[in-house]
Amino acid sequence: MSLSFHAGQSTFTDPGDLVRLYDGLPRDPARLARVARDLMIHRLEGGLFGHTHPTDRLHNDAESRYLDDILRIVVDRNDAPLTVRREPGDRFVGTCRDFTLLHVSLLRHAGVPARLRSGFADYFSPTGFHGDHVVTEYWDEERGWLLADAQLADPEITAHWPVDFDPMDVPRSRFLVAGEAWRAIREEGADQETFGLHPPAEGPFFGERFVAGNIRLDLAALNKVETLLWDVWGADEGEPGTPLPPRARELYDRVAPVVSGQVSVEAVRKVFAQEDGLRTPATVTCYAPFNGPSLVTLR
């Protein structure tokens, strides 16, 4: 059931009437990662490309929740085949979630089971800080589920980071899925201040509350509800940087093992269905980094 469930498109990864753009694409996961990489540029990568993002793109591109909307932006700027590497000014200006959403969509179209995983990577910081990140988890017939980082698929970009591994086989010690990060803090004594969007000196988005939010996002993505990273609902309501109440800690203590290790699709679907504080509602609060908070009704 796990493989067939994650081999099909979701509402978020479905290219819709733009599926024709996938005609003739390679089927190899690494080549598909490079396709995604060459169509997009991260909001924070302008300097690496010697490029300044137009303000409207910087603020608005990554608010696109659905893959068909992302593809429309891509082809509106350059209608070449998706295999053609775009210049920085023609690329979709996104985040790690967008590279991964496109990669997962391409993999599912090719018949490869794939899913988004939310967690924390240590390879974007020379200090070992575990930064908020999203990667692909895809099925390899010989080795099972592997982690891949499509954002690292361009060697020229990857050279700027302390990466000494194959981006199509990210070591699980270098990227901790959210449940593993929670357990590292709660069970192994890891410093919660080393997990987050940024270190504590730069703002309140770190620590247990932030890791708990990533568990919520990861659980939703495992159920093929691949929302924006700043969509918030249910048990995650609360001021950033404030301690989680005991009841919330107990909830995430129960859920973290379900989204860790060898994930059972049956188990994650059961938790998603039963936990009102974690299940994605029809309307979420979007805390858009540039555009401010708003209520958004999902498709």
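Starting from 1, residues in each chain are numbered consecutively following that chain's sequence as written. For a predicted model such as this one, the threshold for reporting local features is a pLDDT of at least 70, and the threshold for listing and counting side-chain atom pairs is 80 or more; totals across whole chains, interfaces and linings nevertheless cover every residue. For side-chain calculations, the full set of non-hydrogen atoms in the structure is used, while hydrogens and water are omitted.

Asker: So what exactly am I meant to see when it comes to the overall build of the chain here?
Answerer: Secondary structure elements follow DSSP: runs of H or I no shorter than four residues count as helices, runs of E no shorter than two count as strands, and numbering proceeds from the N terminus. Counting its regular elements, the chain contains 11 helices and 10 strands. Its C-alpha atoms give the chain principal-axis dimensions of about 55 × 45 × 40 Å. Exposure classes here rest on a 1.4 Å probe applied to the protein chains alone. A residue is buried below 20% of its type maximum, exposed above 50%, and partly exposed in between. The burial tally for the chain puts 56% of its 299 residues in the buried class. In the chain, of all internal contacts separated by at least 6 residues, the share reaching a separation of at least 24 is 69%. If you sum the accessible surface of the chain, you get close to 12,700 Å²; carbon and sulfur atoms cover 51% of it. Both charge centroids of the chain, one from 32 positive and one from 46 negative side chains, sit 4 Å from each other. In what follows, a contact means two residues having at least one pair of non-hydrogen atoms within 4.5 Å. Note on areas: Shrake-Rupley, 1.4 Å probe, and residue coverage restricted to the protein chains presented here. We count Lys and Arg on the positive side and Asp and Glu on the negative side, and we leave His and both chain ends out. Charge positions are represented by NZ for Lys, CZ for Arg, CG for Asp and CD for Glu.

Asker: How do you make sense of helix α2 (residues 29–39) when you look at a structure like this?
Answerer: Because an α-helix completes one turn every 3.6 residues, residues spaced three or four positions apart along the sequence face the same direction. By the criterion of burial, α2 is predominantly enclosed, with 8 of the 11 residues buried. Looking at α2, one finds that the buried residues are Pro 29, Leu 32, Ala 33, Val 35, Ala 36, Arg 37, Asp 38 and Leu 39. Two or three places before Ala 30, at the opening of α2, Asp 28 has a side-chain oxygen 3.2 Å from that residue's backbone nitrogen. Distance and chemistry together define a polar contact, namely a pair of N or O atoms within 3.5 Å, with one atom able to donate a hydrogen and the other to accept it when in protein, and with adjacent residues in sequence counting only for side-chain atoms on both sides.

Asker: Help me understand the packing of aromatic side chains, please; the structure alone is not making it clear to me.
Answerer: The geometry of an aromatic ring pair is captured by two quantities: the separation of the ring centres and the angle between the planes. Paired rings are identified among Phe, Tyr and Trp, the last through its six-membered ring, by centres lying within 6.5 Å, and are further divided according to the angle between planes into stacked (under 30 degrees), edge-to-face (over 60) and tilted (the rest). Inspection of every chain in the model, using the stated rule, returns 8 aromatic pairs. On the numbers, 5.1 Å between centres and 70° between planes, the contact of Tyr 123 with Phe 165 is edge-to-face. Taken together, the positions of Tyr 123 in the loop between β3 (114–121) and β4 (130–140) and Phe 165 in the loop between α7 (155–158) and β6 (175–177) put the pair 42 residues apart, joining distant regions of the chain. For the pair shown, Tyr 123 and Phe 165 are each scored as buried. Three or more aromatic residues joined by ring pairs form one cluster here, namely Tyr 123, Phe 124, Trp 161 and Phe 165. Consider the ring centre and the ring normal. A charge sits over the ring if Lys NZ or Arg CZ is within 6 Å of that centre and within 35 degrees of that normal. When the ring centre of Phe 5 is taken as origin, the NZ or CZ atom of Lys 224, which lies over that ring, is 4.7 Å away.

Asker: Which parts of the structure should I look at to understand the nonpolar core?
Answerer: Within soluble globular proteins, side chains that are nonpolar tend to cluster in buried spots. Among the nonpolar cores identified, the biggest contains 76 residues, and Tyr 22, Leu 82, Leu 102, Tyr 138, Trp 182 and Ile 215 are the most heavily contacted of them. Tallying contributions element by element places helix α9 (residues 207–222) first for this core, with 9 residues. Residues within four places of Ile 215 in sequence aside, it is in contact with Ala 178, Gly 179, Trp 182, Tyr 252, Val 255, Ala 256 and Val 259. Definition of nonpolar core: a set of buried residues of the types Ala, Val, Leu, Ile, Met, Phe, Trp, Tyr and Cys, connected through side-chain atoms within 4.5 Å.

Asker: Where do I start with unusual backbone geometry in this structure?
Answerer: Glycine aside, residues mostly have negative phi, and peptide bonds are mostly found in the trans state. You will see that Lys 224, though not glycine, has its phi angle at about 65°, which is positive. Position of Lys 224 relative to the elements: it lies in the loop between α9 and β8 (231–232). A residue is classified by how much of its surface remains accessible, and Lys 224, at 15% relative accessible area, is buried.

Asker: Looking at this structure, how should I read the pairing of strand β5 (residues 144–148)?
Answerer: The element β5 is extensively covered by neighbouring structure, given that 5 of its 5 residues are classed as buried. Two strands are said to pair when DSSP picks up at least two bridges between them. With 5 bridges joining them, β4 and β5 adopt antiparallel strand pairing. Residue pairing for β5: Trp 139 is matched across the bridge by Trp 145. The turn joining β4 and β5, which pair antiparallel and follow one another in sequence, is formed by 3 residues.

Asker: What exactly am I supposed to notice about the packing of helix α5 (residues 67–77) against helix α6 (residues 96–109) here?
Answerer: α6 packs onto α5 with a crossing angle of 105° between their chain directions and a minimal axis gap of 11 Å. Here α5 is positioned roughly perpendicular relative to α6, judged by the angle of their axes. In contact with Leu 67, Ile 70 and Leu 71 of α5, α6 contributes Asp 98, Leu 101, Leu 102 and Ser 105. Residue composition of the contact of α5 with α6, grouped by class: 5 nonpolar, 1 polar and 1 charged. Between the N-to-C directions of two axes lies an angle of 0 to 180 degrees, each axis being a line fitted to C-alpha atoms and, for a helix, fitted only over the stretch in contact. Note on terminology: angles under 35 degrees are roughly parallel, angles over 145 are roughly antiparallel, angles of 65 to 115 are roughly perpendicular, and the others are oblique. Gly counts as polar in this scheme, as do all residues outside two lists: the nonpolar Ala, Val, Leu, Ile, Met, Phe, Trp, Tyr, Cys and Pro, and the charged Asp, Glu, Lys and Arg.

Asker: Sorry, what's going on with the sheet that holds strand β9 (residues 283–288) here?
Answerer: Either a parallel or an antiparallel arrangement is found when strands of a sheet pair, and the pairing is made through backbone hydrogen bonds. The antiparallel open sheet is built from 3 strands, whose spatial order is β8-β9-β10. A strand with exactly one partner marks an edge of an open sheet, and here the two such strands are β8 and β10 (292–297). Bridge count between β8 and β9: 2 bridges; the pairing is antiparallel. Within β9, the position partnered with Asp 231 by the bridge is Cys 286.

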